[in-house]
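Observations on the model geometry
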Number of protein chains: 2
Amino acid sequence: MTTSLADRIDAANAEALRRIESADPVLVGLRAARDVIPPLHDRALLHAGPPAAPEDFCGPMRGAALGAMVYEGWAATQEAAGDLLARGAVTLHCTHDWGVVGPMAGIVSPSMPLLEIADRAHGLTAYAPINEGIGPVLRFGAYNAAVLARLRWLQDVLAPALDGALRRMGGLPLVPVMARALTMGDEMHQRNVAASSLFYRAVAPALAEGDLAGETLASVLRFLADNDQFFLNLAMAAAKAVMTSVREIPYCTVVSVMSRNGVEFGIRVSGLGDRWFTAPAPTPSGLYFPGFTGDDANPDMGDSAIIEALGLGGFAMAAAPAVVGFVGLPAVGEALTITRTMGEITVGRSTRFKIPALEFEGAPTGIDARRVVRLEVTPVINTGIAHRQPGVGQIGAGVVRAPLAVFQEALAAFATQYAEGAADAESA
Amino acid sequence: MTTSLADRIDAANAEALRRIESADPVLVGLRAARDVIPPLHDRALLHAGPPAAPEDFCGPMRGAALGAMVYEGWAATQEAAGDLLARGAVTLHCTHDWGVVGPMAGIVSPSMPLLEIADRAHGLTAYAPINEGIGPVLRFGAYNAAVLARLRWLQDVLAPALDGALRRMGGLPLVPVMARALTMGDEMHQRNVAASSLFYRAVAPALAEGDLAGETLASVLRFLADNDQFFLNLAMAAAKAVMTSVREIPYCTVVSVMSRNGVEFGIRVSGLGDRWFTAPAPTPSGLYFPGFTGDDANPDMGDSAIIEALGLGGFAMAAAPAVVGFVGLPAVGEALTITRTMGEITVGRSTRFKIPALEFEGAPTGIDARRVVRLEVTPVINTGIAHRQPGVGQIGAGVVRAPLAVFQEALAAFATQYAEGAADAESA
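Summarised in this report is the structure supplied together with it. All figures in this text were calculated on a predicted structure; none of them were measured in a lab.

For the rest of this paragraph, the subject is the relation of the copies chain B and chain A. When chain B is brought onto chain A, the operation consists of a screw motion whose angular component is 180 degrees and whose axial shift is 0.0 Å, with 0.0 Å RMSD remaining. Between the two chains, the operation in question is that of a two-fold axis. Across chain B, the smallest distance between a C-alpha and the rotation axis is recorded for Met 184 of chain B, namely 2.2 Å. Residue by residue, 100% of the interface of chain B is reproduced at the interface of chain A, so both copies engage with the same surface.

In structure tokens:
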């Protein structure tokens, strides 16, 4: 009597769901990137998405890389930084290879402070940089003096203050914050106003208990208060910590990573470990801010689709009627349809992330690459739209569908790797 | 050619809706009650709801009154306070007669700080005491040492700090906060977590810019952060400021006040000015905290039903799926039905308070006493349930229907006052 491949896959996927459901991501503090990411001991940068060579960087990613190099003092000007980058004097690594997630360009340099999330259930760690707010920001490829000054302020003032507050608090468990925010209209990708507010209420008293006072304390509180999307990076790092628990489960067809570098869209599938499956990054459809059109849009970018891999963002659209118009959908009812449809391609429903408008049904969780291919229903990702030129910034928001090809390629590779039951996998 | 009574009523009600829609309530600061409420220059108390004599006070209201008298130093003990009250040595006034609203017992004494809301569109002002948080609190009739110590801390520490912050901010317009909170799952009566969080983000930086520092600042930030219902009293005072603009419009059948004192339920109708129409206060049906039953419940009490008079709370139930279970309704779908039904008895839909789950339809606004009587559909009020003994506190939450009799009485009085067209009013 043998166990069929389909049974093994089902068991592996059930194990993946158990791990996702039992994860306990806690924001413990902030660390300098160089202290926790080994390759950043040297002159190196991380970037979002699947691997990309500097000559292939899209505009915003190139802008962000040059800005980070000036911020680090490796070059005095953007031109000098460009020369260094072209000469290969800076090593590049993928964020996801080091448990890091960054929105948009996702550029991380050694001096940047990273939010540290520990999954206390599985002993895993993940990181994200601090959200810079809106307007000209590095993640969209802006690198003017104000952008770099803000990065230094984040490093010198905000990060130590927030780290101190979090350590006094003994860390902040993120699942309760996220679960509550879902009942307050966030889907945790394009809308984090509730989570950011709840986070703020949690840390502000502890910030006041620290060494800061007067204007400096007020500036920290104001920076956090003024950013409705501050929590996005926390949600991303929490999702990365959770999804790292399913990074490599034999026979598992659950998608552990979805990400984009502005040129390619890539996924990883648990049973295939850290291998990337990529296709050209699609351009989101959505609404553009006044003065911009689809011609200005960069193809989709950033690690933020880890939110959807966990079952939030587009998957939890029904929780966030207010995001519907923002991403260009015609009616709130559409959000319910999207969440229900995403339920067709996932291995289960969250017992922790509940959606009020669906009578508190759980968010669809754990994308099953098999179902995506079989049903030809691809994951819906809520996303910001970047201008294709570095430095312009966000020009809209919309919805993008993950390209079917990456799931097909992954499933083909899966069939090869687990060859003895390839036929079963196809028909499972 | 004459204008029929029905036409006059319609025109008056349209004017009421215009005033409600154009009101601009702004939290400008805090004031000692004695400085803004003339009768509180003397030894006097305000209480919630229609007029009540001390011998008729329900348990929680009596407890709150005695506690406030000790807090004021009028008596050293509850017993001595009870003697003073029985002797008539303390004058009693209705909150609503002085533009004040207080939740539950609604007891306001001269030294208490009041939140001051100015309707900048109509030059009107309304007040509410500061929400004390949960557990043993004066508004539920608790009067132990900890309750009185908290009242003194509110007076000595929180109120001056918050007042300073608000004055530095130039005041805080409340409609935008309330409108946003409605898109975040608050209905603004039994659920204010979003509004409280948004309010917190707005004031915390300004608090840090004041004179407070270290532990004292942290204690203020922590008190505000720990109270999900802090905004309730602000919503009440904002609603009172708005509804004061329709306090006395000839021919208007819009309900300007709904309130309860724990014994009687009362309403005022715009065209009849400040006259009360009362009936016995119903007991809410809902869910009780563990260890309590309906036998422990006090009849409905407090000025908070001003929220429903504005078209929020029960009327906006569809905005707050998470409140549905809390008040004991069987399913989220029920919330949609309640909001739609309340739309049958109101004069219009808010253009500012939108409900995401209803495709951003406005909340039903301005209760028309005529429609209540004609349809026999009474206003739904979301409410907390108090223990009938003073000092026990909240024992549950639920839904209560305003008694039909008060609307019938009001309409009869309306017909008498506007006698020339009584028949028209009936058939309008």
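All names here are of chain B. Pairing is antiparallel across the open sheet formed by 4 strands, whose spatial order is β5-β4-β1-β6. In the strand order of this sheet, the two ends are held by β5 (124-129) and β6 (172-173), each with one partner. Sitting on the sheet, helix α9 (residues 230-244) touches β1 (25-32), β4 (113-119) and β5, and the angle it makes with β5 is about 155 degrees.

On the chain A side, the residues contacting the 34 residues of chain B number 34 residues. In this assembly, chain B packs against chain A so that about 2800 Å² is buried in total across both faces, 57% of it on carbon and sulfur atoms. Viewed at the interface, chain A and chain B are joined by 6 salt bridges. Between Arg 201 of chain B and Asp 228 of chain A there is a salt bridge, with the nearest N and O atoms lying 2.5 Å from each other. Seen at the junction of chain B and chain A, the total is 16 residue pairs in polar contact (both at pLDDT 80 or more). Listing elements by their share of the side of chain B that touches chain A, those giving two or more residues are α7 (193-208), α8 (214-225), α11 (321-326) and α12 (332-342) of chain B. Broken down by element, the side of chain B that touches chain A gets its largest block of residues, 10 residues, from α7 of chain B.

Another aspect to go through is the packing of helix α7 (residues 193-208) of chain A against helix α9 (residues 230-244) of chain A. Residue and element names in this part refer to chain A. The N-to-C vectors of α7 and α9 enclose an angle of 90 degrees; their axes lie 8 Å apart at closest approach. For the element pair α7 / α9, the angle class is roughly perpendicular. Packed against α7, whose contacting residues are Ala 195, Ser 196 and Phe 199, the element α9 presents Phe 230, Phe 231 and Leu 234 at the interface. Looking at the contact of α7 with α9, its residues break down into 5 nonpolar, 1 polar and no charged.

Turning our attention to the packing of aromatic side chains. Aromatic ring pairs are described here by two measures, namely the spacing of the ring centres and the angle between the planes. Within this structure, the stated rule accounts for 11 aromatic pairs over all chains. Judged by centre distance (4.5 Å) and plane angle (40 degrees), the rings of Phe 414 of chain B and Tyr 418 of chain B are tilted. Through successive ring pairs, a cluster of aromatic residues spans Phe 199, Phe 230 and Phe 231 of chain A.

When two helices pack together, you describe them by how their axes are tilted relative to each other and by the distance separating the axes. All names here are of chain B. Closest axis-to-axis distance for the helix α5 (residues 145-169)/α8 pair is 11 Å, and the angle between their directions is 105 degrees. Comparing their axes, α8 and α5 come out roughly perpendicular. Of α8, the residues touching α5 (which contributes Arg 150, Trp 153, Leu 154, Val 157, Leu 158 and Ala 161) are Thr 216, Ser 219, Val 220, Phe 223 and Leu 224. In the contact of α5 with α8, the residues fall into 8 nonpolar, 2 polar and 1 charged.

The next thing to look at is the pairing of strand β8 (residues 264-269) of chain B. All names here are of chain B. Taking burial as the measure, the 6 residues of β8 include 5 buried ones, the bulk of the element. Where strand β7 (residues 255-261) hands over to β8, the hairpin turn is made up of 2 residues, of which Gly 262 adopts a positive phi near 90 degrees. By the bridge criterion, 4 bridges tie β8 to strand β9 (residues 277-280) in an arrangement that is antiparallel. Across the sheet, residue Gly 266 finds its bridge partner in β9, namely Thr 278.

All names here are of chain A. With respect to the element layout, Ala 128 can be found in strand β5 (residues 124-129). Classification of Ala 128 as buried rests on a relative accessible area of 0%. Distance from Ala 128 to Leu 114, taken between C-alpha atoms, is 5.3 Å for residues 14 residues apart in sequence. Ignoring anything within four residues of it in the chain, the contact list for Ala 128 reads Val 101, Leu 114, Leu 115, Asn 233 and Ala 237.

What follows deals with helix α1 (residues 5-22) of chain B. For α1 of chain B, spanning 18 residues, the distance from its first C-alpha to its last is 26 Å, which sits close to the expected 26 Å at 1.5 Å a residue. The complete set of buried residues in α1 of chain B reads Leu 5, Ala 6, Ile 9, Ala 12, Asn 13, Ala 16, Leu 17, Ile 20 and Glu 21 of chain B.

Definitions and cut-offs
- Residues numbered from 1 in each chain as written.
- Chains lettered and ligands numbered in written order.
- Predicted model: local features only at pLDDT ≥ 70, side-chain atom pairs only at ≥ 80, totals over all residues.
- Heavy atoms only, no water.
- Least-squares fit on C-alpha atoms with pLDDT ≥ 70 in both.
- Contact = heavy atoms within 4.5 Å.
- Pairing = 2+ DSSP bridges.
- Helix = DSSP H or I, 4+ residues; strand = E, 2+ residues; numbered from the N terminus.
- Axes fitted to C-alpha atoms, helices over the stretch in contact; angles between N-to-C directions.
- Buried area = accessible area lost by both parts, 1.4 Å probe.
- Salt bridge = Lys/Arg side-chain N within 4 Å of Asp/Glu carboxyl O.
- Polar contact = N/O pair within 3.5 Å; in protein donor to acceptor, adjacent residues only side chain to side chain.
- Parallel < 35°, antiparallel > 145°, perpendicular 65-115°, else oblique.
- Nonpolar A, V, L, I, M, F, W, Y, C, P; charged D, E, K, R; others polar.
- Phe/Tyr/Trp six-rings, centres within 6.5 Å; stacked < 30°, edge-to-face > 60°.
- Buried < 20%, exposed > 50% of the residue type's maximum accessible area, 1.4 Å probe, protein only.
- Expected span 1.5 Å × (residues − 1).

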